[in-house]
Amino acid sequence: RLANISGGESVTTIEDRAFLKCSSLVSITIPESVTNIGANAFQDCKSLASITIPDSVTAIGYSAFQDCKSLTSITLPESVTAIGVSAFAGCSRLESITIPKSVTAIGKSAFEDCLSLASIAIPQCVTVIGVRAFVGCSHLESITIPKSVTAIGKSAFAFCTSLKTVTNPESV
């Protein structure tokens, strides 16, 4: 139930669908040599509650963690520049995520149906919040959107029925 990806410096990419539907996987530590987490890499790992992503990772692929129903929090390293399409969609227990200042784009449906997410601070380098990025985040009460954001996609915050505060400070 606990996994460490071994292979030392030879593992640089977690390929597409590498751990797709590994329903018993609870925790994983990715080695420092990995720079890319592929599409659907951990999708439907319903028991995955803990993942350590090293500073070497720059890309999180399409639906990489979609429907990881046990994931409650995640910290993305400063090396990540974009959060892929549907990267965390359906992570219904995700309560907190730390988005690093290196991220410039939040992909389409990136956090769709993250029902437990209560607040989110978008860092100062983000310029684009994708279509449906936070749709259905029914517990989302507050969001901070910096002045750097130049585009907010259609229905980005649709069905965020608890949203009370949207802050647009000078800098975040």
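None of these values were measured; they are calculated from a predicted model. (Residues numbered from 1 in each chain as written. Predicted model: local features only at pLDDT ≥ 70, side-chain atom pairs only at ≥ 80, totals over all residues. Heavy atoms only, no water.)

J.: Got a minute to help me understand the overall build of the protein in this structure?
T.: The number of helices and strands found in the protein is zero helices and 15 strands. Taken over C-alpha atoms, the radius of gyration comes to 15 Å for the protein, in line with the 16 Å a tight globule of 172 residues would show. A principal-axis box enclosing the C-alpha atoms of the protein has dimensions of 45 × 25 × 20 Å. Taking all contacts inside the protein whose residues are at least 6 apart in sequence as the whole, residues at least 24 apart take part in 25%. With the model as given, the accessible surface of the protein reaches about 7700 Å², and the carbon-plus-sulfur share is 51%. Across the protein, the centroid of the 12 positively charged side chains sits 9 Å from that of the 13 negatively charged ones. (Helix = DSSP H or I, 4+ residues; strand = E, 2+ residues; numbered from the N terminus. Rg over C-alpha atoms; globule rule 2.2 N^0.38 Å. Contact = heavy atoms within 4.5 Å. Areas by Shrake-Rupley, 256 points an atom, 1.4 Å probe, with all protein chains shown as cover. Lys, Arg positive; Asp, Glu negative; His and termini not counted. Charge placed at Lys NZ, Arg CZ, Asp CG, Glu CD.)

J.: In this structure, what is going on with the nonpolar core? I would like to understand it.
T.: One recurring pattern in soluble globular proteins is that nonpolar side chains are buried together. The biggest cluster of nonpolar side chains holds 49 residues, and the ones touching the most others in it are F42, F65, F88, I106, F111 and F134. For F65, the contacting residues outside a window of four places in its chain are I37, F42, L48, I51, I53, I60, A87, F88 and C91. (Core = buried A, V, L, I, M, F, W, Y, C linked by side-chain atoms within 4.5 Å. Buried < 20%, exposed > 50% of the residue type's maximum accessible area, 1.4 Å probe, protein only.)

J.: Would you explain the packing of aromatic side chains in this entry?
T.: Centre distance and the angle of the planes are the two values used to describe a pair of aromatic rings. If you walk through the whole model with that rule in mind, you get six aromatic pairs. Measuring from centroid to centroid gives 5.2 Å for F111 and F134, while their planes differ by 10°, and the two rings are stacked. On the criterion of sequence distance, the pair formed by F111 in the loop between β10 (105-106) and β11 (119-121) and F134 in the loop between β12 (128-129) and β13 (142-144) is long-range, its members being 23 residues apart. Both residues of the pair, F111 and F134, count as buried. These aromatic residues form a ring-pair network of at least three members: F19, F42, F65, F88, F111, F134 and F157. (Phe/Tyr/Trp six-rings, centres within 6.5 Å; stacked < 30°, edge-to-face > 60°.)

J.: Looking at this model, I keep getting lost on the pattern of salt bridges. Mind explaining?
T.: Proximity of charged atoms lets side chains of opposite charge pair with each other. Tallied over the full model, the rule gives three salt bridges. Of the charged contacts, one joins D44 and K46 as a salt bridge, the two residues approaching to 3.2 Å between their closest N and O atoms. A relative accessible area of 15% places D44 in the buried class. Here D67 ties to K69 by a salt bridge, and the two come within 3.4 Å at their closest N and O atoms. For D67, a relative accessible area of 17% translates into the label buried. A relative accessible area of 29% means that K69 is categorised as partly exposed. (Salt bridge = Lys/Arg side-chain N within 4 Å of Asp/Glu carboxyl O.)

J.: I would appreciate a short explanation of the sheet that holds β12 in the present structure.
T.: Paired through backbone hydrogen bonds, the strands of a sheet run either parallel or antiparallel to each other. Pairing within the open sheet is parallel, and its seven strands lie in the order β2-β4-β6-β8-β10-β12-β14. Looking along the sheet, the strands with just one partner apiece sit at the ends: β2 (13-14) and β14 (151-152). Relative to strand β6 (residues 59-60), strand β4 (residues 36-37) runs parallel, the two sharing two bridges. By the bridge assignment, N36 is partnered in β6 with A59. (Pairing = 2+ DSSP bridges.)

J.: How should the side chain of S63 be read in this particular structure?
T.: Mapped onto the fold, S63 is located in the loop between β6 and β7 (73-75). Beyond its immediate stretch of four places on either side in the chain, S63 contacts N40, Q43, V85, S86 and A87.

J.: For this particular structure, what's the right way to read unusual backbone geometry?
T.: One non-glycine residue, N40, lies in the positive phi region at around 60°. With a phi close to 60°, D67 is a non-glycine residue in the positive phi region. Residue placement: D67 occurs in the loop between β6 and β7.

J.: What is the right way to look at the sheet that holds strand β15 (residues 165-167) in this model?
T.: Spatially, the three strands line up as an open sheet ordered β11-β13-β15, and their pairing is parallel. In this open sheet, the two strands that pair with only one neighbour each are β11 and β15. Neighbour-to-neighbour, the strand axes of the sheet open up by a mean angle of 5°, direction not taken into account. Across three bridges, β11 lies against β13 in parallel orientation. The residue of β13 that forms the bridge with I120 is I143. (Axes fitted to C-alpha atoms, helices over the stretch in contact; angles between N-to-C directions.)

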